[in-house]
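Next come the chains, spelled out residue by residue.
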Amino acid sequence: MVATVLILVAFAALIVLRGVTLARARGSVPCRLRVGDRGWQSGVARYADGELHWIPLLGVRLRPRHAIARRGLVVSARREIDGGLFAVDCGGTTRGISLAMSADALTGFLAWLESAPPSAYLDVA
């Protein structure tokens, strides 16, 4: 019984340590994600090779659960939600996904979205 409790405590500590490590990693911003009509999930967003990778804060996997490509991404007007966060709905190639982040993180996200070079969207055979 004691061994089981110790294993569960160690597992919970590893999950919390993973979340703290993800949140403090360079180039990561706290970001909430909502798919469809589900509730908001807390996580961390990272920019990588023309994609925004979203990794849930609590979980076991180290790989991103969602990879949102910059190409073809359309963002609607922002709206303020609870806690001083701003939410945007994503359209285009990724429909039904909403992101919520702080005002500073949202400014960085919109700058990243607009900063793609013009040649990035050309399909060259």
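Rules used throughout
- Residues numbered from 1 in each chain as written.
- Predicted model: local features only at pLDDT ≥ 70, side-chain atom pairs only at ≥ 80, totals over all residues.
- Heavy atoms only, no water.
- Core = buried A, V, L, I, M, F, W, Y, C linked by side-chain atoms within 4.5 Å.
- Buried < 20%, exposed > 50% of the residue type's maximum accessible area, 1.4 Å probe, protein only.
- Helix = DSSP H or I, 4+ residues; strand = E, 2+ residues; numbered from the N terminus.
- Contact = heavy atoms within 4.5 Å.
- Polar contact = N/O pair within 3.5 Å; in protein donor to acceptor, adjacent residues only side chain to side chain.
- Salt bridge = Lys/Arg side-chain N within 4 Å of Asp/Glu carboxyl O.
- Phe/Tyr/Trp six-rings, centres within 6.5 Å; stacked < 30°, edge-to-face > 60°.

Draft legend 1. Region of the structure containing the nonpolar core. Formed by 18 residues in total, the largest nonpolar core has its most connected members in Leu52, Leu99, Met101 and Phe109. At the level of secondary structure, the elements contributing two or more residues to this core comprise β1 (28-35), β3 (51-56), β7 (85-92), β8 (97-101) and α2 (103-114). For this core, the element with the highest residue contribution is α2, accounting for 5 residues. Beyond its immediate sequence surroundings of up to four residues, leucine 52 is in contact with Ala45, Arg46, Tyr47, His66, Ala67, Ile68, Leu99, Phe109 and Trp112.

Draft legend 2. Geometry of the environment of valine 44. Structurally, valine 44 can be placed in strand β2 (residues 41-48). Distance from valine 44 to valine 29, taken between C-alpha atoms, is 5.6 Å for residues 15 residues apart in sequence.

Draft legend 3. Local environment of the side chain of serine 98. Its place among the elements puts serine 98 in strand β8. In this structure the side chain of serine 98 is engaged in a polar contact, spanning 2.5 Å, whose partner is the side chain of aspartate 89. Those residues in contact with serine 98 that sit more than four places away from it in its chain are Arg32, Leu33, Arg34, Trp40, Arg79, Val88 and Asp89.

Draft legend 4. Looking closely at the pattern of salt bridges. The tally for this structure, following the rule as stated, stands at 2 salt bridges. A salt bridge links aspartate 82 to arginine 32, with the shortest nitrogen-to-oxygen separation between them at 3.8 Å. Remark: arginine 32 occurs in strand β1 and aspartate 82 occurs in the loop between β6 (79-81) and β7; sequence separation between them is 50 residues. Taking the shortest distance from any N to any O, the salt bridge between aspartate 89 and arginine 79 comes out at 3.3 Å. Of the two residues, aspartate 89 is situated in strand β7 and arginine 79 in strand β6; the sequence distance between them amounts to 10 residues.

Draft legend 5. Quick look at the packing of aromatic side chains. Taken as a whole and assessed by the stated rule, the structure comprises 2 aromatic pairs. Where tyrosine 47 meets tryptophan 112, the ring centres are 5.0 Å apart and the plane angle is 45 degrees; that geometry is what we call tilted. With tyrosine 47 in strand β2 and tryptophan 112 in helix α2, this residue pair connects regions lying 65 residues apart in the sequence. The class of tyrosine 47 is partly exposed, set by a relative accessible area of 29%. By way of ring pairs, the aromatic residues Tyr47, Phe109 and Trp112 are connected into one cluster.

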